[in-house]
Amino acid sequence: MNSTENISRKIQDSAELKKKLTIFAEKLKNELGADVCFCEIFGNRWSYVAGNQAIDFPQRRIRLNDKIGLIVSENFWNDESIVSLIKSFQ
Amino acid sequence: MSSFSVKEWVKQVVKQDEIDKYLVNGEDFINETEINSHLSSTINPDKQEVRDILQKSLAIERLEPNETATLLNVTDDELWKEMYATGLEVKRKVYDNRIVFFAPLYCGNLCVNNCAYCGFRKENAEEKRRILTMDEVVEEAKVVISEGHKRMIVVYGEHPKTDADYIAKTIETIYDVRVKARNGYSSIRRVNVNAAPMSIDELRKLHEVGIGTYQVFQETYHKPTYAAVHPANTLKGNYRWRLYALHRAMDAGIDDIAIGALVGVYEWRFDVMGLLYHTIDLERQFGIGPHTISFPRLTPASGAELSTKSSHLVNNADFKKLVTVLRLSVPYSGLIITAREEAEIKRDVIMVGCTQTDASTKIGIGGYTEALKALSLAQTTAQVKEKQQFTLGDTRSLDDVIREIAEMGMITSFCTAGYRCGRTGDKIMGLLKGCVEGKFCKLNAVLTFREYLDDYASPATKEIGEKIIQKELDEIRQIPFFQKGNLLQTFLKFYEQVSSGERDIFI
């Protein structure tokens, strides 16, 4: 199971995950200066799950897989570093 | 679609444990004695006290029950004028100058309930009953999209033939419909649902296919009246199953939920209080209030005597007060005024804080397709009461209503950006309370109105619409919020892209 599938499964399985993702979003902020929030994707809907609620606008959407997306400020362009950190997520 | 017989299906719908888990010491959140006490203890309110409450609304803070009761007890006409003006000011702070448009799509009028005010009730032999096939859903959606709509609310009676699986299938079907426009293709970008209370597992099915908002109206919060108009041997007769429908939606992950009351079933002031208590309990248990609040008024319905003979029918003056007090009491929730109402009162309540409305509405099953066929034969279509749940007060086209909104100085929005950008649930609530979301309402209103003017507008609507767009663009260039970072440049780039024919670009 890859890391984004892992996140997806945990969102469905664990109410505690919201707290963990909040911490993870803080990690992205501290290590990369990236303001992000995590969303669960359902068709057109990107449901906010956790993370920064006040990301600078304009924003971009990064689709990690069919179920999980990230919202990040458009001013932040280093997507690879975000994805790399996400891969380290356990 | 369910494989149960109707009787078997009805027996398994209510899950008692999915009511009990939300009760506090075995009690629900509607305490009639407490509500009546608030209403009776706040009569003849002091003017300064009322003005202090208005300041709280202007600070975008939800009112407490005694404060809402105080506003409901105002009798001074001059004070009401201040309240109307404050309602509009609150609306503009939170939602800016836009009115969001949507279209309802009635997918079925089979129903196991027998509500005294409703044309769908099962004992109404006059009602012509059916559900739409998926092919028919496609055809209906095509007509709606061809008018220029981007947002739809799908409506169903409560019946095993229109159960959660059917609802989920219609949502998926509608999202897949594409219709050629003057520029590119258009589609429904957000599907909201008005359907009967469901279990958490069933609601997850709707969440999975990308529901927008889930809407369940309590009709009335007054328990004796609720029991009188919803027979006890029906599903809808279970007051608490309905009262906690949206709590279950939250637990299913649907964090955009909508409450409402059918105005005229019981005393309107009581039901305004009920809506407030519903809001408070959702916020207490989930931290998220209602995305929207609706207040449809009883209008005549085929085979439903109460719809014309209720002793609590509400006149236009009181209806305007009702909308105003809701605007002031829950400043951050959207308020929906529908085509049930006639054009004049719609105009009135938009000016005290409504944020959404529908137009070009057909509420008969298959009504959009039938109207289009009639048009092709150069015939006009009257409302057919026996195919509808109620009658409409405003049957004007979308283009006509948009033109009127523009003449009122407001901009029409077809924005569906928020729920596609993670601005849902507590996040969007935070942005609304902080008066930030309205800034994006403004930008996305311009982008989507540009699409409408270029793809669907009549020459007369386009002419006045261009003036509104220009006014909005001038304001956007002046407002300091948009000067931060590269927001203004990004928006102006998006505007150019949309003007050049690109579609579905949003912030």
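All figures in this text were calculated on a predicted structure; none of them were measured in a lab. (Residues numbered from 1 in each chain as written. Chains lettered and ligands numbered in written order. Predicted model: local features only at pLDDT ≥ 70, side-chain atom pairs only at ≥ 80, totals over all residues.)

Here we take up the overall build of chain B. In terms of helices and strands, chain B carries 22 helices and 11 strands. Scaling as 2.2 N^0.38, a compact globule of 507 residues should have a C-alpha radius of gyration of about 23 Å, and chain B matches this with 22 Å. Projected onto its principal axes, the C-alpha positions of chain B cover 60 × 60 × 40 Å. Within the span of chain B, comprising 507 residues, buried residues form 54% of the whole. In chain B, once contacts between residues fewer than 6 apart in sequence are set aside, the share between residues at least 24 apart is 79%. (Helix = DSSP H or I, 4+ residues; strand = E, 2+ residues; numbered from the N terminus. Rg over C-alpha atoms; globule rule 2.2 N^0.38 Å. Buried ≥ 20, exposed ≤ 12 C-beta atoms within 10 Å, placed from the backbone. Contact = placed C-beta atoms within 7 Å.)

Attention now goes to the pairing of strand 2 (residues 45–51) of chain A. Along any regular strand the residues' side chains alternate between the sheet's two faces. All names here are of chain A. With seven of its seven residues buried, strand 2 lies for the most part within the structure. Bridge count for strand 1 (residues 36–42) against strand 2 is six bridges, and the pairing is antiparallel. Looking across to strand 2, one finds that Cys-39 is bridged to Tyr-48. (Pairing = 2+ DSSP bridges.)

The next subject is the interface of chain B and chain A. With 22 residues of chain B at the interface, the matching set in chain A holds 18 residues. At the level of elements, helix 9 (200–208), helix 19 (425–433) and helix 22 (487–499) of chain B are the ones that each hand at least two residues to the side of chain B that touches chain A. By residue number, the principal contributor to the side of chain B that touches chain A is helix 19 of chain B, which donates three residues. The residue makeup of the side of chain B that touches chain A, split by class, is six nonpolar, nine polar and seven charged. (Nonpolar A, V, L, I, M, F, W, Y, C, P; charged D, E, K, R; others polar.)

This part takes up the packing of helix 5 (residues 65–72) of chain B against helix 15 (residues 316–329) of chain B. Residues and elements named next belong to chain B. Contact pair helix 5 / helix 15: the axes reach a minimum separation of 10 Å and the direction vectors enclose 150 degrees. By the angle between their directions, the pair helix 5 and helix 15 is classed as roughly antiparallel. In this structure, helix 5 meets helix 15 at a crossing whose hand is right-handed. When helix 5 is examined against helix 15, the residues Thr-68, Leu-71 and Leu-72 are found in contact with a partner set consisting of Val-325, Leu-328 and Ser-329. Per-class residue counts for the contact of helix 5 with helix 15 are four nonpolar, two polar and no charged. (Axes fitted to C-alpha atoms, helices over the stretch in contact; angles between N-to-C directions. Parallel < 35°, antiparallel > 145°, perpendicular 65-115°, else oblique. Left-handed = near helix turned anticlockwise from the far one by under 90°.)

Right, let's get into the sheet that holds strand 4 (residues 68–73) of chain A. Residue and element names in this part refer to chain A. The four strands lie next to each other as 2-1-4-3, forming an open sheet whose pairing is antiparallel. Single-partner strands in this sheet number two, and they are strand 2 and strand 3 (59–63). Across the sheet, the mean angle from the axis of one strand to that of its neighbour is 30 degrees, orientation sign disregarded. Examined bridge by bridge, strand 1 and strand 4 share five bridges and lie antiparallel to one another. Residue pairing across strands places Cys-39 opposite Gly-69, the latter belonging to strand 4.

Residues and elements named next belong to chain B. Within the fold, Gly-334 resides in strand 9 (residues 334–337). Between the alpha carbons of Gly-334 and Pro-104 there is a distance of 17 Å; along the sequence they are 230 residues apart. The residues contacting Gly-334, other than those within four sequence positions of it, are His-291, Thr-292, Thr-355 and Gln-356.

What follows is about the nonpolar core. Grouped together as the largest cluster of nonpolar side chains are 174 residues, with contacts concentrated most on Met152(B), Val154(B), Leu206(B) and Leu326(B). Ranked by residue count, the leading element in this core is helix 20 (residues 437–455) of chain B, at nine residues. (Core = buried A, V, L, I, M, F, W, Y, C linked by C-beta atoms within 7 Å.)

This part takes up helix 13 (residues 268–286) of chain B. Residues and elements named next belong to chain B. Compared with an ideal rise of 1.5 Å per residue, which puts 19 residues at 27 Å, helix 13 spans 27 Å between its outermost C-alpha atoms and is within 8% of the ideal. Most of helix 13 sits inside the fold, with 14 of its 19 residues counted as buried. At the exit of helix 13 stands Gly-287, carrying a positive phi of roughly 75 degrees. (Expected span 1.5 Å × (residues − 1).)

Here we come to the packing of helix 20 of chain B against helix 21 (residues 459–478) of chain B. Residue and element names in this part refer to chain B. Axis separation between helix 20 and helix 21 bottoms out at 10 Å; the angle between their running directions is 155 degrees. As far as their axial angle goes, helix 21 and helix 20 are roughly antiparallel. In this structure, the crossing between helix 20 and helix 21 has a hand that is left-handed. Facing Lys-442, Leu-443, Val-446, Phe-449, Arg-450 and Leu-453 of helix 20, the residues of helix 21 in contact are Lys-462, Gly-465, Glu-466, Ile-469, Glu-472, Leu-473 and Ile-476. Along the lines of polarity and charge, the residues of the contact of helix 20 with helix 21 split into seven nonpolar, one polar and five charged.

Because the α-helix completes a turn every 3.6 residues, residues three or four places apart line up on one side. Within the sequence span of helix 9 of chain B, burial applies to Glu202(B), Leu203(B), Leu206(B) and His207(B). Taken down its axis, helix 9 of chain B places every buried residue within 150 degrees of arc, on the same side. For helix 9 of chain B, the secondary structure elements touched by its buried residues are strand 1 of chain A together with helix 8 (164–176), strand 5 (190–194), strand 6 (214–215) and helix 12 (245–251) of chain B. Backbone geometry just downstream of helix 9 of chain B places Gly210(B) in the positive-phi region, at approximately 90 degrees. (Arc of directions from axis to C-beta.)

Glancing now at the confidence of the model for chain A. Mean pLDDT over chain A: 78, with 80% of residues reaching 70 or higher. Per-element averaging of pLDDT across chain A places helix 1 (residues 3–13) of chain A at the bottom with 54 and strand 1 of chain A at the top with 91. (pLDDT = per-residue confidence, 0-100.)

Residue and element names in this part refer to chain B. Most of strand 5 sits out of view: four of its five residues are buried. Sheet topology places strand 5 next to strand 6; two bridges connect them, and they run parallel. Among the inter-strand pairings, Asn-194 is bridged to a residue of strand 6, identified as Gln-215. For the segment spanning strand 5, helix 9 and strand 6, crossover handedness is right-handed. (Right-handed = clockwise from strand over helix to strand, strands pointing away.)

Further remarks concern the environment of Leu79(B). Structurally, Leu79(B) can be placed in helix 6 (residues 77–95). The sequence separation of Leu79(B) and Lys433(B) amounts to 354 residues, and the corresponding C-alpha distance is 25 Å.

As a further point, take unusual backbone geometry. Residues and elements named next belong to chain B. For Ile-60, which is not glycine, the phi torsion reads 55 degrees and is therefore positive. Overall, the presence of 16 C-beta atoms within 10 Å leaves Ile-60 in the partly exposed class. Positive phi, normally seen in glycine, also occurs at Asp-504, with a value near 60 degrees. For Asp-504, the location among the structural elements is in the segment after helix 22.

What follows deals with the confidence of the model for chain B. Counting all residues, the mean pLDDT for chain B is 95, and 98% of those residues have values of 70 or more. The ipTM, which scores confidence in the relative placement of chains, is 0.84 for this predicted complex, and the corresponding pTM is 0.94.

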